[in-house]
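# A structural walkthrough
For reference, the chains in residue letters:
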Amino acid sequence: MLVQELTVPGAWSLTPAQHRDDRGYFLEWFTSGSFQEATGHTFGLAQANLSVSDAGVLRGVHYADVPPGQAKYVTCPRGAVLDVVVDLRTGSPTFGQHDTVLLDDVDHRAVYLSEGLGHAFMSLEDGSTVMYLCSTGYAPDREHGIDPLDPLLDISWPTLDRAGQPLTPILSPKDEQAPGLSAALRAGALPRWETTQAWVAALRTT
């Protein structure tokens, strides 16, 4: 497992080794040892999600209140998506910045994002399948979103799909109505850096 920390603190990309023969291939897309070595704590699995998206579907930017927040371990076993991690933690040295990682059925890379970070992705092919391991279960009263097309985020969303055809972003009504980063900041709706760091530090001692 090749583990690389991203620019945004608290996020990593993880690329598994693939073992291929004439029957197909095998890989370990999550291992507790590699995860704990990178993050310093174990991953407490509470829920596993799966989504299937047409080309152009844009999901996010989603985040949850901390505590407890919702850490995610994300991969794409079929198709391809551009995965985006956004630092929404006020007071963070990288607040408002983001990282992008291509998740696809070639490298079978995964992304881990810790509590307080925002998550989004755009599908680059019809039928792109994304699987998420989540540290907490679904709690609609604690989950929020930021407009993924907000110019302040400065995310360069793909304009072409995997086959080179033009892409048009397709958002859910909820994501279309999500506030921009500045509005969420003024409303005091974003996680705080100090709170998220204290929460993650507590995980490392349990």
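Computed from a prediction, not measured in an experiment: that's the story for all the values here.

### Let's talk about the overall build of the protein
A tally of regular secondary structure across the protein gives four helices and 13 strands. Compactness check: the protein gives a C-alpha radius of gyration of 17 Å against a globular reference of 17 Å for 206 residues, within 12% of the reference. Overall size of the protein, expressed as C-alpha extent along the three principal axes, is 55 × 45 × 30 Å. Across the 206 residues that make up the protein, the buried fraction comes to 49%. Long-range contacts, defined here as pairs at least 24 residues apart, represent 81% of the contacts in the protein between residues at least 6 apart. For the protein, the accessible surface area stands at approximately 9900 Å², while carbon and sulfur atoms represent 52% of it. Both charge centroids of the protein, one from 13 positive and one from 25 negative side chains, sit 3 Å from each other.

### Things to note about the pattern of salt bridges
Pairing of side chains with opposite charge becomes possible as their charged atoms draw close. Overall, the coordinates contain six salt bridges when judged by the stated rule. The closest approach of N and O atoms between D21 and R23, which form a salt bridge, is 2.6 Å. For D107, the salt bridge identified is with R109, shortest N-O distance 3.4 Å. By relative accessible area, R109 is classed as buried at 19%. Each member of the salt-bridge network shares a partner with another, and the members are D105, E125 and R162.

The rules behind each value
Starting afresh in each chain, residues are numbered from 1 along the sequence in its written order. pLDDT decides what is reported in this predicted model: residues at 70 or higher carry local features, side-chain atom pairs at 80 or more are listed and counted, and totals for whole chains, interfaces and linings draw on all residues regardless. For the side-chain quantities, the full set of heavy atoms in the structure was used; hydrogens and water were omitted. Labels follow the DSSP assignment, with helices taken as runs of H or I lasting at least four residues and strands as runs of E lasting at least two, numbered in each case from the N terminus. Atoms considered for the radius of gyration are the C-alpha atoms alone. The globule rule reads 2.2 Å times the number of residues to the power 0.38. The classification of residues rests on relative accessible area computed with a 1.4 Å probe and restricted to protein chains. Under 20% of the type maximum is buried, over 50% is exposed, and intermediate values are partly exposed. Residue contacts are defined here by distance: any two heavy atoms, one from each residue, within 4.5 Å place the two residues in contact. Every accessible area reported is derived by Shrake-Rupley at a probe size of 1.4 Å, with residue values counting cover from the shown protein chains alone. For this count, His and the chain ends are skipped, Lys and Arg are scored as positive, and Asp and Glu as negative. Charge positions come from single atoms, namely NZ of Lys, CZ of Arg, CG of Asp or CD of Glu. The working definition used for a salt bridge is a side-chain nitrogen of Lys or Arg within 4 Å of a carboxyl oxygen of Asp or Glu.

Read these as layout, nothing more, since geometry by itself doesn't imply function.
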